[in-house]
Number of protein chains: 2
Amino acid sequence: MKQITKYVLRHDTKRLFTYRQCLIGFKRKGFDRIFSYNLGEEAGVTAEQVRKDFSVFKIKGNKKAGYKIDDLLTAIEEVFKYQLNQHVIIVGMGNIGKALVQYKRFMLRKMIIVASFDIDPTKQSKRWGIPILPLEMLDDIIKRFHVKVAIIAVPEMSAQDIVNKLIDLGIKGFLNFAPVILKTPENIVVHNINLCDELESVIYYTQKVVE
Amino acid sequence: MKQITKYVLRHDTKRLFTYRQCLIGFKRKGFDRIFSYNLGEEAGVTAEQVRKDFSVFKIKGNKKAGYKIDDLLTAIEEVFKYQLNQHVIIVGMGNIGKALVQYKRFMLRKMIIVASFDIDPTKQSKRWGIPILPLEMLDDIIKRFHVKVAIIAVPEMSAQDIVNKLIDLGIKGFLNFAPVILKTPENIVVHNINLCDELESVIYYTQKVVE
DNA sequence: TTTTAATTGTGAAATTAATCACAACTATGA
DNA sequence: TCATAGTTGTGATTAATTTCACAATTAAAA
Ligand SMILES: NC(=O)c1ccc[n+]([C@@H]2O[C@H](COP(=O)([O-])OP(=O)(O)OC[C@H]3O[C@@H](n4cnc5c(N)ncnc54)[C@H](O)[C@@H]3O)[C@@H](O)[C@H]2O)c1
Ligand SMILES: NC(=O)c1ccc[n+]([C@@H]2O[C@H](COP(=O)([O-])OP(=O)(O)OC[C@H]3O[C@@H](n4cnc5c(N)ncnc54)[C@H](O)[C@@H]3O)[C@@H](O)[C@H]2O)c1
């Protein structure tokens, strides 16, 4: 019970996501091969950084001829391969939950939202492609779909309770939108998204840059 | 035109946001003073980290008696003081835009969403406390409220166009939800939130931890 | 076939961040 | 008043990340 929000992805690993996104874009535009500086410019990092990252993951290019995009994509998929088509649930179908459940890009990236949950019975009748279920169904769904990851979109007040319950039911990882630091046992992954902090960072830095 | 998504907040600065949040919580629970390990536990970092961070910002405590919460809050506000009550706009009032515009916590944190914008005329009739305006009104609102920061919640395809237009109109900082790396001149602050990447990170790490 | 110019791959150096370790301080109780 | 135990404050150390710099490679031109 010491580390709470640890298990932060290494910077280089996280950048692979960005590279993949850029590479898909390049491919769509008809490119076949790219150089580290092309990818770097698109991804917002230096060319050296790109090469260094690939070096860490033993991804090889061709001197003078750059990298074959398909090879890069294959190599990146290899790093993340075992996590494709994972099932995810969302708890809390208020404003942010509703937005997330309709976000098609999760599916494109092979992350499958299998169900959502809300305590409010009036919401349970509605559906956005996937059903909105009462909390009593959590156990069943988690077992049936072998769900390991949940998105927390309930009010701050309820977040810790819901997380405790979900851990009991076998959930191991959380993407948490409630602005609270969750208390969890070791070896539970918690990743907090605090949009107030993010917006405030932007304001802070904007004022610094503007002087 | 070299660095794109730079101006990342220093880690210690960003943690101040978390500390503030925790301190407000402690205060609400009736506490008056705290020790570095209390705050560390609540914030999910070590006690040494807390003390080191305060040390960097010259925030002093009292040996043996810890820190006075009010003093800490005052000191943290001092770091961020000049950015209170900043005006912000949102562009794109689809799923995520609607969720954000209704998020009351921005206001609690003294960040004021003054207006939102959408290209779709049928959305412009609706309102969620603040008006949804056509893009023609951007110039007027930005000038009138001295807006420097915008939240981008338009489809990927439109994001770069909108950002170009906003930069022309004087916007200096962006919180961008569209999963594209924006091309901007130097000294424009861009902070990307890529929720697919975040969810995928959680899945990746969860699988690593579970083995 | 040889030369050339462009690009990769990666140690080394520099920077940034986190942890350690302990001296200095101070509230409290003897 | 003095001793003590519990905390802070921070320099030193270690770890992570980025940048630098350049040798090795190679596609393409001569
Ligand atoms: N709206 C936003 O843009 C936004 C942005 C960032 C973070 N957040 C955070 O996300 C969370 C949800 O925000 P929101 O704006 O969607 O709030 P909301 O009030 O619109 O939605 C909360 C939903 O959770 C449900 N709920 C409440 N208790 C529950 C429980 N114990 N189990 C299951 N469901 C429960 C409610 O019925 C409601 O549908 C909050 O913690 C908020 O701080 C919201
Ligand atoms: N829905 C989510 O949960 C979610 C999560 C993360 C990121 N995003 C990203 O946020 C963006 C918006 O997503 P969404 O789900 O809200 O999409 P959406 O289609 O629901 O909403 C997009 C809105 O932008 C408006 N729009 C389109 N072009 C515009 C323009 N040029 N100027 C002004 N307004 C314009 C549309 O009329 C629409 O109202 C996308 O880039 C998406 O990838 C969405």
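Here, the structure is the one placed above.
Residues numbered from 1 in each chain as written. Chains lettered and ligands numbered in written order. Predicted model: local features only at pLDDT ≥ 70, side-chain atom pairs only at ≥ 80, totals over all residues. Heavy atoms only, no water.

A word on the protein's contact with DNA strand D. In the region of DNA strand D, 25 residues are neighbours, and Ser36(B), Tyr37(B), Arg51(B), Gly61(B) and Tyr67(B) sit closest. Near the protein, meaning within 4 Å, the atoms of DNA strand D are sugar or phosphate in a fraction of 62%, with bases accounting for the rest. For DNA strand D, a base nitrogen lies 3.1 Å from a polar atom in the side chain of Lys64(A). A distance of 2.7 Å separates a phosphate oxygen of DNA strand D from a polar side-chain atom of Tyr37(B). Within the residue set of the surface near DNA strand D, elements represented by two or more residues are helix H1 (11-28) and helix H3 (47-56) of chain A together with helix H2 (36-43) and helix H3 (47-56) of chain B. Considering each element in turn, the surface near DNA strand D owes the most residues, four residues, to H3(A). Looking at the surface near DNA strand D residue by residue, the class counts come to four nonpolar, nine polar and twelve charged. (Near = heavy atom within 4 Å. Polar contact = N/O pair within 3.5 Å; in protein donor to acceptor, adjacent residues only side chain to side chain. Helix = DSSP H or I, 4+ residues; strand = E, 2+ residues; numbered from the N terminus. Nonpolar A, V, L, I, M, F, W, Y, C, P; charged D, E, K, R; others polar.)

This part is about helix H1 (residues 11-28) of chain B. Given 3.6 residues per helical turn, the α-helix brings residues three or four places apart onto the same face. Residues and elements named next belong to chain B. End to end, H1 covers 26 Å across 18 residues, agreeing with the expected 26 Å (1.5 Å per residue, within 8%). Within the sequence span of H1, burial applies to Asp-12, Thr-13, Arg-15, Leu-16, Phe-17, Thr-18, Tyr-19, Arg-20, Gln-21, Cys-22, Leu-23 and Phe-26. Looking at the residues trailing H1, positive phi occurs at Gly-30, about 100°. (Expected span 1.5 Å × (residues − 1). Buried < 20%, exposed > 50% of the residue type's maximum accessible area, 1.4 Å probe, protein only.)

Below, the discussion takes up the site of ligand 2. As a structural note, the neighbourhood of ligand 2 is formed by 24 residues, with Tyr103(A), Asn95(B), Asp118(B), Lys123(B) and Val154(B) the closest of them. Around ligand 2 the close residues trace back to chains A and B. Within the backbone of Ile119(B), one N or O atom sits 3.2 Å away from a nitrogen atom of ligand 2. Measuring from an oxygen atom of ligand 2, one finds a backbone N or O atom of Val154(B) at 2.7 Å. Taken by itself ligand 2 offers 810 Å² of open surface, and the protein chains cover 87% of this. Those elements that provide at least two residues to the shell around ligand 2 are helix H5 (95-101) of chain A together with helix H5 (95-101) and helix H9 (156-168) of chain B. A total of three residues in the shell around ligand 2 trace back to one element, the largest contributor, which is H9(B). The residue makeup of the shell around ligand 2, split by class, is 16 nonpolar, four polar and four charged. (Areas by Shrake-Rupley, 256 points an atom, 1.4 Å probe, with all protein chains shown as cover.)

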